[in-house]
Amino acid sequence: MPARRAIVTGAGSGLGQATAARLRADGLEVIGLDLVGDVEVRVDVTDTGALAAVVADHGPADVLVNSAGIVGPGVPLLETDLADWRRVLEVNVLGTVATMQAFVPGMVERGWGRVVNIASMAGKDGNPNLSIYSASKAAVIGLTKSAGKELATTGVLVNAIAPAVIATPMNAATAPDALAHITSLIPMKRIGQPHEVAELIAWLASDRVSFSTGAVYDISGGRATY
């Protein structure tokens, strides 16, 4: 049986990079997509034409992990700019939609697939001074729940994870005061590591999960309350 093929967006760094390495350790063929870093394909996840080219060049995927994302400005809601809203929602939400539309049809056709969307605790709690990012990740959660129900009888499972603060370059670029606040909310009193998150994603991308779809898995060091 040939190795399953996984598409991992945002694979150039952080959670995407750790996930790509973890899936390769499970024997999957991984095609990493990103605009930076050491990846197989440089592509903008909002470019539907480029995503179609990936499908044409590399064939269908069995696993899709949507890790590409941006934080946007760390400012109060009333100081946000609509241009920043559009930019963050374009990548975090529409980029996720675009990759699912590109790769999920092939999964449905073959009767098996796993989609893991990376949301955030911000999408459940709402982080102060990160309204744009929080709203975008709430949208990813809603998208995951809808798609999970739509595809529930196809063999394609769609789930999301909601990490708290993880040691990634994206969080390193977050405003220090905002980062300190959200880190203080973690009962374990530490931030998570990318390999810890990658382990959860690897499980969700496997046959070991068979009766869960449209769900949100917290990996928050105890921060999650619902």
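Up top is the structure.
Rules and cut-offs
- Residues numbered from 1 in each chain as written.
- Predicted model: local features only at pLDDT ≥ 70, side-chain atom pairs only at ≥ 80, totals over all residues.
- Heavy atoms only, no water.
- Core = buried A, V, L, I, M, F, W, Y, C linked by side-chain atoms within 4.5 Å.
- Buried < 20%, exposed > 50% of the residue type's maximum accessible area, 1.4 Å probe, protein only.
- Helix = DSSP H or I, 4+ residues; strand = E, 2+ residues; numbered from the N terminus.
- Contact = heavy atoms within 4.5 Å.
- Phe/Tyr/Trp six-rings, centres within 6.5 Å; stacked < 30°, edge-to-face > 60°.
- Lys NZ or Arg CZ within 6 Å of the ring centre and 35° of its normal.
- Pairing = 2+ DSSP bridges.
- Right-handed = clockwise from strand over helix to strand, strands pointing away.
- Salt bridge = Lys/Arg side-chain N within 4 Å of Asp/Glu carboxyl O.
- Axes fitted to C-alpha atoms, helices over the stretch in contact; angles between N-to-C directions.
- Parallel < 35°, antiparallel > 145°, perpendicular 65-115°, else oblique.
- Left-handed = near helix turned anticlockwise from the far one by under 90°.

(A) The arrangement of the nonpolar core in detail. By size, the foremost hydrophobic cluster in this structure holds 26 residues, and its most contacted members are Leu23, Val30, Val63, Val65, Ile161, Ile201 and Leu204. Breaking this core down by element, the ones donating at least two residues are strand 1 (5–9), helix 1 (14–25), strand 4 (63–66), strand 5 (113–118), strand 6 (156–163) and helix 8 (194–204). The dominant element in this core, judged by the number of residues it contributes, is helix 8, at five residues. When residues no more than four places from it in sequence are discounted, the contact partners of Ile161 are Val116, Asn117, Ile118, Ala119, Ser120, Val197, Leu200, Ile201, Leu204 and Tyr217. Within the second largest apolar cluster, 19 residues are counted, among which are Ile31, Leu33, Met100 and Val158.

(B) Spatial organisation of the packing of aromatic side chains. Considering all chains together, one arrives at one aromatic pair under this definition. Relative to Tyr217, the ring of Trp203 has its centre 5.6 Å away and its plane inclined at 85°; by these criteria the two rings are edge-to-face. Pair noted here: Trp203 is in helix 8 and Tyr217 is in strand 7 (residues 216–219), with a separation of 14 residues, a long-range link. Residue classification places Trp203 among the partly exposed positions, given a relative accessible area of 31%. When the ring centre of Trp112 is taken as origin, the NZ or CZ atom of Arg4, which lies over that ring, is 3.6 Å away. Directly above the ring of Tyr226 sits Lys124, whose terminal nitrogen or CZ lies 4.8 Å from the centroid.

(C) Main features of the environment of Thr144. Looking at where Thr144 falls in the secondary structure, it is placed in helix 5 (residues 131–150). Taking the C-alpha atoms as reference, Thr144 lies 11 Å from Val93; in sequence the two are 51 residues apart. In contact with Thr144, other than residues within four places in its own chain, are Asn117, Val158, Asn159, Ala160, Gly214 and Ala215.

(D) Looking closely at the pairing of strand 2 (residues 29–34). Burial analysis of strand 2 places five of its six residues in the buried class, the great majority of the element. Pairing between strand 1 and strand 2: five bridges, direction parallel. Each residue of the ladder has a partner; that of Ala6, found in strand 2, is Val30. This β-α-β element, strand 1 to helix 1 to strand 2, shows right-handed connectivity.

(E) Molecular detail of the pattern of salt bridges. Per the counting criterion, the structure on display carries 10 salt bridges. Taken together, the salt bridges that share partners define one network made up of Arg22, Asp26 and Glu199.

(F) Representation of the packing of helix 3 (residues 82–110) against helix 5. Running from N to C, helix 3 and helix 5 cross one another at 20°; their axes reach a closest spacing of 9 Å. Between helix 3 and helix 5, the angle falls in the class roughly parallel. Like other packed secondary-structure pairs, helix 3 and helix 5 cross with a definite hand, here right-handed. Within the contact between the two elements, helix 3 uses Asp84, Trp85, Val88, Leu89, Asn92, Val93, Thr96, Val97 and Met100 and helix 5 uses Ser131, Ile132, Tyr133, Ala135, Ser136, Lys137, Ala139, Val140, Leu143 and Ala147.

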